[in-house]
Amino acid sequence: MFALGLIGVLVRRNLMFILMSIEVMLNAAGLAFVVAGARWMQPDGQVMFIFILAMAAAEVAVGLALLIQLYHQHKSLDADAISEMRG
């Protein structure tokens, strides 16, 4: 699952798909924590997953706000078109 997210980040050019791929990567890391915690009969994996969910929620809120702002300025979410931003 992490590899699919990484491929999505590296291959896609649309910033919305890149943001979704990062979410898939975060969910894969959270799943790994839960599986490891279940394997060793420890609740630590579930606690870490809650922290990952909180971080993902904050990332989505900030990321979507930035995407909306970029779309209003450039009328596109293409990473190549927006990468021409210079100070």
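Small disclaimer: the values here were computed from a predicted structure and weren't measured.

Draft legend 1. Inspection of the packing of aromatic side chains at higher detail. One pass over the full model with this rule turns up 0 aromatic pairs. It is Arg12 that lies over the ring of Phe17; its NZ or CZ is 4.4 Å from the centre.

Draft legend 2. A look at the pattern of salt bridges. Per the counting criterion, the structure on display carries 1 salt bridge. Put simply, Asp80 and Arg13 hold a salt bridge, and the shortest N to O gap is 3.7 Å. One end of the pair, Asp80, is in helix α4 (residues 79–82); the other, Arg13, is in the loop between α1 (2–11) and α2 (15–39), with 67 residues separating them in the sequence.

Draft legend 3. Structural view of the packing of α2 against helix α3 (residues 44–74). As a packed pair, α2 and α3 sit with axes 9 Å apart at the nearest point and diverge in direction by 175 degrees. When the interaxial angle is binned, α2 and α3 end up roughly antiparallel. Partitioned by chemical class, the residues of the contact of α2 with α3 number 18 nonpolar, 5 polar and 2 charged.

Draft legend 4. Representation of the side chain of Glu23 in the model. Mapped onto the fold, Glu23 is located in helix α2. For Glu23, which is buried and forms no salt bridge, the nearest opposite charge comes from Arg12, at a distance of 16 Å. When sequence neighbours within four positions are dropped, the list of residues in contact with Glu23 reads Ala56, Glu59 and Val60.

How each quantity is defined
Residues numbered from 1 in each chain as written. Predicted model: local features only at pLDDT ≥ 70, side-chain atom pairs only at ≥ 80, totals over all residues. Heavy atoms only, no water. Phe/Tyr/Trp six-rings, centres within 6.5 Å; stacked < 30°, edge-to-face > 60°. Lys NZ or Arg CZ within 6 Å of the ring centre and 35° of its normal. Salt bridge = Lys/Arg side-chain N within 4 Å of Asp/Glu carboxyl O. Helix = DSSP H or I, 4+ residues; strand = E, 2+ residues; numbered from the N terminus. Axes fitted to C-alpha atoms, helices over the stretch in contact; angles between N-to-C directions. Parallel < 35°, antiparallel > 145°, perpendicular 65-115°, else oblique. Nonpolar A, V, L, I, M, F, W, Y, C, P; charged D, E, K, R; others polar. Buried < 20%, exposed > 50% of the residue type's maximum accessible area, 1.4 Å probe, protein only. Lys, Arg positive; Asp, Glu negative; His and termini not counted. Contact = heavy atoms within 4.5 Å.

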